[in-house]
Structures are given as structure tokens and as C-alpha cells.
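Structural overview
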Amino acid sequence: MRLTVFGTGYLGVTHAVCLAELGHEVLGIDIDAAKIEMLGEGRVPFYEPGLEHLLLKNLESGRLRFSTSYADAAEFADLHFLCVGTPQKRGENAADLSHVDAVVDTLAPLLTRPAVIVGKSTVPVGTAARLTVRVRGAAPAGEGVEVAWNPEFLREGFAVADTLRPDRLVFGIERDRPGSAEGALRDVYTSLLTQGVPLVVTDLATSELVKSSANAFLATKISFINAIAEICEATGADVTVLADALGYDARIGRSFLNAGLGFGGGCLPKDIRAFAARAGELGVDQALSFLREVDSINMRRRTKVVELVAEACGGSLLGMNVAVLGAAFKPESDDVRDSPALNVAGMMQLHGAAVSVYDPKAMANSRNLFPTLEYATSTSGACKNADAVLVATEWAEFVALDPVELDSAVRARVIVDGRNCLDPSVWRSAGWIYHGLGRR
Ligand code: UDX
């Protein structure tokens, strides 16, 4: 099939590349000419394992192209995926839909043939219905244009695998127009459906809510275990053992029960805020008021880690050298949007520490976002003369650190495990003072 993908961020590039990998002819569109040029040359503007290889492969096959021209897009295909960002509005909790609206407003006047616009971006419930009216009003094809929603659940770091082997597909279809958009989407994903990927077909509002609810649930699960970590800290219990024991209960499950520095990134924090804000607009804000607590438990973890490092340094950060290992919001990503690691690094600097940060992939993005921090080019460089070492992102190379090898670099053998990813017994037996979160 011929398909277009609007927006070439994490979601859009991955989706465009994977659609081409599934055998479709794909045109990726963005207003950022530099990004389009880069992609056309086979370079991915961010780090995502396996993506660049598939980009090159599909560019070479001729199935994948990139352009800034909306006219080309409207001419090329009749099924258009919407993958632009929905960031948090400045100074508000609600989602900023200006990018979504801009794509629709620019594309609609060019739609002279019947077409389907399929939203993948995470949007407040009701957006698809609003866009339907908007696009039909502006498109020469009028009622011939349909809007459907096909939410995306991919995780950064596993984006390719999550797109080519998703847990489920969800199609939101206009209630009084069942048929054509569903058929088109079934054709797009035929190969996944024949492999047995579960499919849920529903109305537009439900499909939008599936995504918001999924992220709210994941965030709640993380904040739940972090709240329990606070109790563990007050009692001397160990949250990691507790999480293992909880996880054996199939109704609970072990995933997303890792206590630590909490969640960050470009999705969970802004999505739970937008969801709660939308509930307020709908007059049901009480239903999601717990998400404010989820958010504040999460933010408390960052302050807790700053306090823990200060304690580990003898009570104050003033004049202390602190190594921060990890800047990305999670491993296998160079994304530093709302990264707990960088946030904590910044706070410790404000408390008077000399902070040296190292991350295997996120150095350039970190420097852009936080130019005043000091950056090292290796783990040992960051740890030079450190009074405390903080592991803030659980990259494999930090998990595998050998305390004996780090001995000669640091000034004091003090490690704070912000992700509970190290084995305390290994560090303690090598003579280090180990601090975890929610554990003795
Ligand atoms: C998330 C959702 O998982 C995905 O389905 C959605 O499409 C986008 O948002 P992502 O932002 O890539 O994906 O990251 P995810 O793996 O969910 O982790 C989010 C944050 O939670 C990270 O900062 C991570 O370190 C943290 N986390 C995760 C925990 O603190 N504890 C856990 O047990 C799991």
C-alpha cells in the first residue's frame, strides 16, 4: 500500500521505517528540512537500537522516501498517519495539540480524493471527533475523508521490536461509519494480524482512552512501588525483595515494579498530566485526582536521591565531587526529556556539589539541555576524585561496573544506586559504602 507518515520524531520515524519493512511504500513528511535531509541520507536523528539499519535497508529498497511537501503527500497516498508530538503546554498541564492541528489544517485543503487520516499520537479523548469535523470542513473531498485512531504503545529503546511485534493493535473507528477505515487498517497490518497479534476494534473515544489509561496505569504502578519504598526506608525493609515477592502474583506481575528514581521521558509525565487535565475539562476531575499523587510521589524520589547523596557525603553537598552515571531517562535511549538523572544532577549542583556526568549515548542532548553541568567522556573520568558516585540510569555498562576497578579513580568509596540495579553485596565486599532506594 502507499502510505504517508506525518512527523518524523521517535514515533514517526519508527513507524515509517517499520511500515516500509512490512512491505508498504512509505513517504515520511516533516516541516523540518534538516531532519528530512538527514533521514534521506540514512541517518536517524536520535539513538534507537536497530532503527538506522532498517532505515538504510528500506531507503535502498526504494520503498521509503522523505519529503517536506504536503502536496506530494496528498498526491502520493490516500492513507495518512499522524505521528507528530503532543507535548505539555507551557505553564499548563494540558496537551499542546498545535502540531496535530497544523498537520490537519495543512493537509485537508489538498485532499481531493477520499482519504483516511489515522492518528497515532497520544491525544486527549475527543480529539479525533474534533479533527473529523475540522478536516471535512476544509477538504475538497468533504465527507469522503475519514479519521481513525490507532494508538501507539512503543517503548523507546525497543521501538522497532514493539512496532513489528506489538502486544496488540487498537483501531478506533467512527461509530456511524464502520467499514472503510477499518478495512484499510486491516490491510496495512495484514502481516501482523496473520501472525496472531490481538486486534481490538472500537470507537474513536475508547481508542484514545486506551492509550491514556495504559500510560496512567504504568505510571501508577511505578509510583506505587516507590511509595512502598518510602515505607521500606522508614522500617528497614527491602523494596526489591518485596517487589519480587509481589511479582509472583500473576494478578500483579513483576514488571514496572522497579523502585528507584522514578519515571521520566517524553511520555509518562506529560501524559498523566494531560489525562488529568482532560478529566477536569470533562467535569470528572475527581476520577483522576490520584494521578496528581502519582506525579508527586514520582517527583519526591528525585529530592530523596539528592538527600541520600548528601547524607552519603556526610550531610552536605557543598564542595563535594559527585559523579552521575547516566543522563538519559532510561537505558538504550539518548532521550533526556524530563530525565530524572539530569534533574538530580542539576539539583545537586545547585546544592553546591561539583557534578560530573557521563552517559554512553545522551551526552550531546544533555549538553544542549543542561549546558552548565560538567560532562566527562567515560565512567572513570566522571568518577575522578568523586566523594560519591550516583548511578542514575541503569545502562548495562554501569550495572556491570567492577567496584575494584573504580577504586583508584574515586576519593571515597561511596555508591548511591538510584535504580537499584547493582548487587549491594558485591560493592560492600569490595569495601564500598552502598546506598539503594527503599532498602537498608
Ligand atoms: C512509555 C510507555 O511504556 C509506552 O507504552 C508509551 O508508548 C510511551 O511511554 P517509554 O517512555 O519509552 O514508554 O519508557 P518506559 O520504558 O515506559 O519507562 C518510563 C520511565 O519509567 C523510565 O524513566 C523508566 O526508568 C521508569 N521506570 C520504568 C521505573 O522507574 N520503574 C519501572 O519499573 C519501569
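In case you missed it, the structure is sitting above this.
Along each chain, numbering runs from 1 in the same order as the chain's sequence is written. At least 70 in pLDDT is required for a residue's local features to be given in this predicted model, at least 80 for side-chain atom pairs to be given and counted, and no such filter applies to totals for whole chains, interfaces and linings, which use all residues. With hydrogens and water excluded, all non-hydrogen atoms of the structure serve as input to the side-chain values.

Here's the deal with the layout of surface pockets
Residues are called lining when one of their atoms sits within 4 Å of a cavity or pocket point, these points coming from a 1 Å grid over the protein atoms alone, where a cavity is a set in which a 1.4 Å probe fits but cannot get out and a pocket is an open set with protein on both sides within 12 Å along at least five of seven lines. Grid points are joined across faces, edges and corners, and a volume is the space filled by probe spheres set on the points. The volume enclosed by the second largest pocket comes to roughly 260 Å³. Secondary structure elements with two or more residues in the lining of the second largest pocket: helix 14 (340-350) and helix 15 (363-369). Helix and strand definitions here come from DSSP, where helices need a minimum of 4 consecutive H or I residues and strands a minimum of 2 consecutive E residues; each element is numbered from the N-terminal end. Per-element tally for the lining of the second largest pocket: the top contributor is helix 15, with 3 residues. Considering only residue class, the lining of the second largest pocket consists of 5 nonpolar, 4 polar and 3 charged. Lys, Arg, Asp and Glu make up the charged group, whereas Ala, Val, Leu, Ile, Met, Phe, Trp, Tyr, Cys and Pro make up the nonpolar group; the residues left over, Gly among them, are polar.

Section: the nonpolar core
Ranked by internal contacts, the top residues of the largest apolar core, which has 55 residues, are Val-309, Leu-317, Val-324, Met-348, Val-389 and Leu-390. Mapped onto this core, the elements with two or more residues apiece are helix 13 (290-312), strand 9 (321-325), helix 14, strand 10 (354-358), helix 16 (379-383), strand 12 (388-391) and strand 13 (414-417). Looking at this core, the element that brings in the most residues is helix 13, giving 6 residues. Sequence-distant contacts of Leu-317, that is, excluding residues within four places in its chain, are made with Val-306, Val-309, Ala-310, Val-322, Met-348, His-351, Gly-352 and Ala-353. Nonpolar core, defined: a set of buried Ala, Val, Leu, Ile, Met, Phe, Trp, Tyr and Cys residues in which side-chain atoms within 4.5 Å join the residues together. Each residue is assigned to one of three classes by its accessible area relative to the maximum for its type, calculated with a 1.4 Å probe on protein chains only: buried under 20%, partly exposed between the two thresholds, exposed over 50%. Judged by nonpolar contacts, the second largest core, of 42 residues, contains Val-5, Tyr-10, Ala-20 and Leu-39. Note on contacts: a residue pair qualifies if any of its non-hydrogen atoms lie within 4.5 Å across the two residues.

Observations regarding the state of the cysteines
In plain terms, two cysteine sulfur atoms within 2.5 Å form what is called a disulfide here. All told, the structure shown has 0 disulfides when counted by the stated rule. Between Cys-267, a free cysteine, and Cys-83, which holds the nearest cysteine sulfur, the sulfur-to-sulfur gap is 12 Å. Owing to a relative accessible area of 34%, Cys-267 belongs among the partly exposed residues under this scheme. This cysteine, Cys-383, is not joined by any disulfide, and Cys-313 carries the nearest cysteine sulfur, 13 Å off. Residue Cys-383 is classed as buried on the basis of its relative accessible area, which comes to 0%.

Here's the deal with the pairing of strand 7 (residues 169-173)
Strand 7 sits mainly inside the fold: 5 of its 5 residues count as buried. Covered by surrounding structure in strand 7 are Leu-169, Phe-171 and Ile-173 together with Val-170 and Gly-172, the residues of both alternating faces.

Looking at the environment of Gly-236
Positionally, Gly-236 belongs in the loop between helix 10 (204-235) and helix 11 (239-247). In this structure, the C-alpha to C-alpha distance between Gly-236 and Arg-413, residues 177 residues apart in sequence, is 23 Å.

Note that all results are geometric; they support no functional claim without further evidence.
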